[in-house]
Amino acid sequence: MKNETIANTKVPLCEIVALFSLGSCALLNIYATQPILPDIARQFGVSLGTSAWTISASTLGVAVAAPLAGAISDRFGRKCIMVMALIGLIVTTASCALAWNFMALFSLRFAQGLLVPFVFTAALAYITEEWSGVTATTMNGVYVAGTAFGGFCGRFLAGAAATFTGWLSTFLVFAVLLFLVLVLTMFCLPTERQFKPSASLAGSLKSIAKGVQDWRLQATCFIGASLLFQQVTSFTYLSLRLGAPPFSLTSLEVGSLFVVFLLPVTVTPFFGHLISKIGRTRAFLLSQIIGIAGIGLTLPFHLASIAVGLALSCMAVFAGQSCATGYTAQHAKTGRSAATGLYLTCYYLGGSIGAIAPAPFYAHHGWFGCAALICLVALASTVLAQAAWQEAIPRKNEANA
C-alpha cells in the first residue's frame, strides 16, 4: 500500500473526477466577490469595507452550519446529504443574480454558506471511509486540489463577468456549473459502502462535544483557521492593493491573477503522497516555509514578483489544508463528519476574520502590515502543528494516515 498512487489504484476515473468537482463547488461561490469588491461598493453605494462583508457572509454561514452538517451526515449518510446540498446551492446561487440591494445579496451569500458544509463534511468522511492507506491520503489530495480549482474559477469568472456582462450574471454561470457537479455526484459516485450511521442525531451532536474536549483536534481547528486567514487576507488585500495606484488594475486583470490557484490543482495531489513519505508534521512545516517565502515575494512593487509570491502562498495554504483535513478525518475514530464539521467551523471563521480584521493594518501600514500579520499567523500554526501532531501517530504508521 505504501507505493500506491492514483495511477495504480483501482479507483475509477469517473469517481476521481466527481470528487474533484465536489471540491471545486465548495469554493466556487464563497470567494467569488473578492476581485469585484469595488464594483459591489459602487453598485449598492456602500464602502469597500462594507462590500467585504459579501465574503464574510458566506464564510460565516459555513461556520454556523458546519457542526450540524457533520452531525446530520453521520446520522443519515454521505451521498444523499451531498446531493440535497447541491440542489440547494443551485437555487441560492441562481437567486444571487436577482439581488436588488446589498442586504439581499448579503442574505443570499449567507444562505450559500449554510449549504456548503453539507458537501464538505460529507465528502471528506466519504473519502476516509471508502478508501484506506495511501489511497485515502491521495484522494483527499485530489479533493483539496478541487477546492483550489473552484477558488480560481469563482474569482476569475467573477472578474470576467464584471468586465463583460456585469458581475451579477456570473452567478447564473455558477448555477450551471453546480448542476454539472450534481450530475457527476449522482451518477459517478457510488452510494457509500463502509458508512455506519450513528445511533441518533443526538449521538452525533455529542461527538461535537467530545471534539471540543480533544486538544489535538482543537489545535488542528486553529491550524485550519490560520490557513484560511492567510489566504483570505492575502487575496482580499492584495486585490485592493493591485486595484489602486501604481498598479491600477481592472477587475478582469485582478481576477486573472487568480490563475495561481491552478498551481495547487496540480501540486496538491502529489503533496498528499509526500505526506505519506515524510510524515504530516514535516510536510506541514515545509508548506508554511514555502508560504512565508511567497508572502515575502509579494512585497516589491513588481507584478511578476507578486504573482510568483501569490502562487507560492496559495500552494502552501492548500498543501497545509491537505495535512489538516487528513489528520482530522483520521484522528476521529467515530463521528468523522462531526469532527470535520467542527474543523470546518473554525476554518471558515478564520476566513471571516481574514476578510475584516486586517483592515486596520491595511489602512495604517498598507500591504506590508498585512504581510507581517500573515507571517506571524503562519509561524504560530507551524509551532502548534508540531506539538499537536508529533505524538499523535507514530512515524512508522503515519504513511497510512
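Reading the values: the criteria
Residues numbered from 1 in each chain as written. Predicted model: local features only at pLDDT ≥ 70, side-chain atom pairs only at ≥ 80, totals over all residues. Heavy atoms only, no water. Helix = DSSP H or I, 4+ residues; strand = E, 2+ residues; numbered from the N terminus. Buried < 20%, exposed > 50% of the residue type's maximum accessible area, 1.4 Å probe, protein only. Contact = heavy atoms within 4.5 Å. Areas by Shrake-Rupley, 256 points an atom, 1.4 Å probe, with all protein chains shown as cover. Patch = residues over 30% accessible without salt bridge, like charges linked within 9 Å, V, L, I, M, F, W, Y side chains within 5 Å. Salt bridge = Lys/Arg side-chain N within 4 Å of Asp/Glu carboxyl O. pLDDT = per-residue confidence, 0-100. Phe/Tyr/Trp six-rings, centres within 6.5 Å; stacked < 30°, edge-to-face > 60°. Lys NZ or Arg CZ within 6 Å of the ring centre and 35° of its normal. Axes fitted to C-alpha atoms, helices over the stretch in contact; angles between N-to-C directions. Parallel < 35°, antiparallel > 145°, perpendicular 65-115°, else oblique. Left-handed = near helix turned anticlockwise from the far one by under 90°. Expected span 1.5 Å × (residues − 1).

Draft legend 1. Region of the structure containing the overall build of the chain. Tallying secondary structure elements over the chain gives 17 helices and zero strands in all. Relative to its full complement of 401 residues, the chain shows a buried share of 61%. Considering only contacts in the chain between residues 6 or more positions apart, those separated by 24 or more positions represent 84%. On the chain, roughly 14,800 Å² of surface is accessible, and the fraction owed to carbon and sulfur atoms is 72%.

Draft legend 2. The arrangement of unusual backbone geometry in detail. With an omega of 10°, the peptide bond running from Pro 245 to Pro 246 counts as cis. By secondary structure assignment, the location of Pro 246 is in the loop between helix 10 (215-243) and helix 11 (251-257).

Draft legend 3. Just a nonpolar patch on the surface, in detail. A cluster of nonpolar side chains, contributed by Val 173, Val 176, Leu 177, Phe 179, Leu 180, Val 183, Met 186 and Phe 187, occupies part of the molecular surface with about 730 Å² of accessible area. For Val 183, a relative accessible area of 31% translates into the label partly exposed.

Draft legend 4. Expanded view of the confidence of the model for the chain. Residues of the chain with pLDDT of at least 70 account for 89%, and the chain-wide mean is 82. Highest mean pLDDT in the chain belongs to helix 13 (residues 280-297) (94); lowest belongs to helix 17 (residues 395-398) (43). Every residue in residues 1-8 is under pLDDT 50, and counting partners more than four places away or in other chains gives 18 contacts. Taken together, the stretch residues 392-401 has pLDDT below 50 and engages in 23 contacts with residues farther than four places along the chain or on a different chain.

Draft legend 5. Quick peek at the packing of aromatic side chains. Applying the stated criterion across every chain yields a total of 12 aromatic pairs. Ring geometry for Phe 120 versus Tyr 143: centroids 5.6 Å apart, planes at 80°, classification edge-to-face. Of this pair, Phe 120 sits in helix 6 (residues 102-130) while Tyr 143 is found in helix 7 (residues 133-164), placing the two residues 23 residues apart along the sequence. Taken individually, Phe 120 and Tyr 143 each receive the classification buried, so the pair is uniform in this respect. Ring geometry for Phe 284 versus Trp 389: centroids 5.4 Å apart, planes at 75°, classification edge-to-face. Of the two residues, Phe 284 is situated in helix 13 and Trp 389 in helix 16 (residues 359-389); the sequence distance between them amounts to 105 residues. Summarising the burial analysis for this pair, Phe 284 and Trp 389 share the class buried. The ring centre of Phe 301 lies 4.7 Å from the NZ or CZ of Arg 241, which sits over that ring.

Draft legend 6. Structural view of the packing of helix 1 (residues 13-28) against helix 6. At a closest axis distance of 9 Å, the pairing of helix 1 and helix 6 adopts a crossing angle of 150°. Comparing their axes, helix 6 and helix 1 come out roughly antiparallel. Helix 6 is crossed by helix 1, and the crossing has left-handed handedness. Along the contact surface, helix 1 presents Leu 19, Leu 22, Cys 25 and Ala 26, while helix 6 presents Val 116, Val 119, Phe 120 and Ile 127.

Draft legend 7. Up close: the side chain of Ser 239. Here Ser 239 is to be found in helix 10. Under the relative-accessibility criterion, Ser 239 is labelled buried at 9%.

Draft legend 8. Broad picture of helix 7. For helix 7, built from 32 residues, the straight-helix expectation of 46 Å at 1.5 Å per residue is met to within 8% by its first-to-last C-alpha distance of 47 Å. Taken across its 32 residues, helix 7 has 26 buried, putting it largely inside the fold. Downstream of helix 7 by one or two residues, Gly 166 has phi in the positive range, about 95°.

Draft legend 9. Inspection of the environment of Ile 55 at higher detail. One can find Ile 55 in helix 4 (residues 53-76). Residue class for Ile 55 comes out buried when judged on its relative accessible area of 0%. A C-alpha to C-alpha distance of 9.3 Å links Ile 55 and Leu 37, two positions 18 residues apart in sequence. In contact with Ile 55, not counting residues within four places along its chain, are Ile 30, Tyr 31, Thr 33, Gln 34, Leu 37, Arg 109, Thr 236 and Ala 355.

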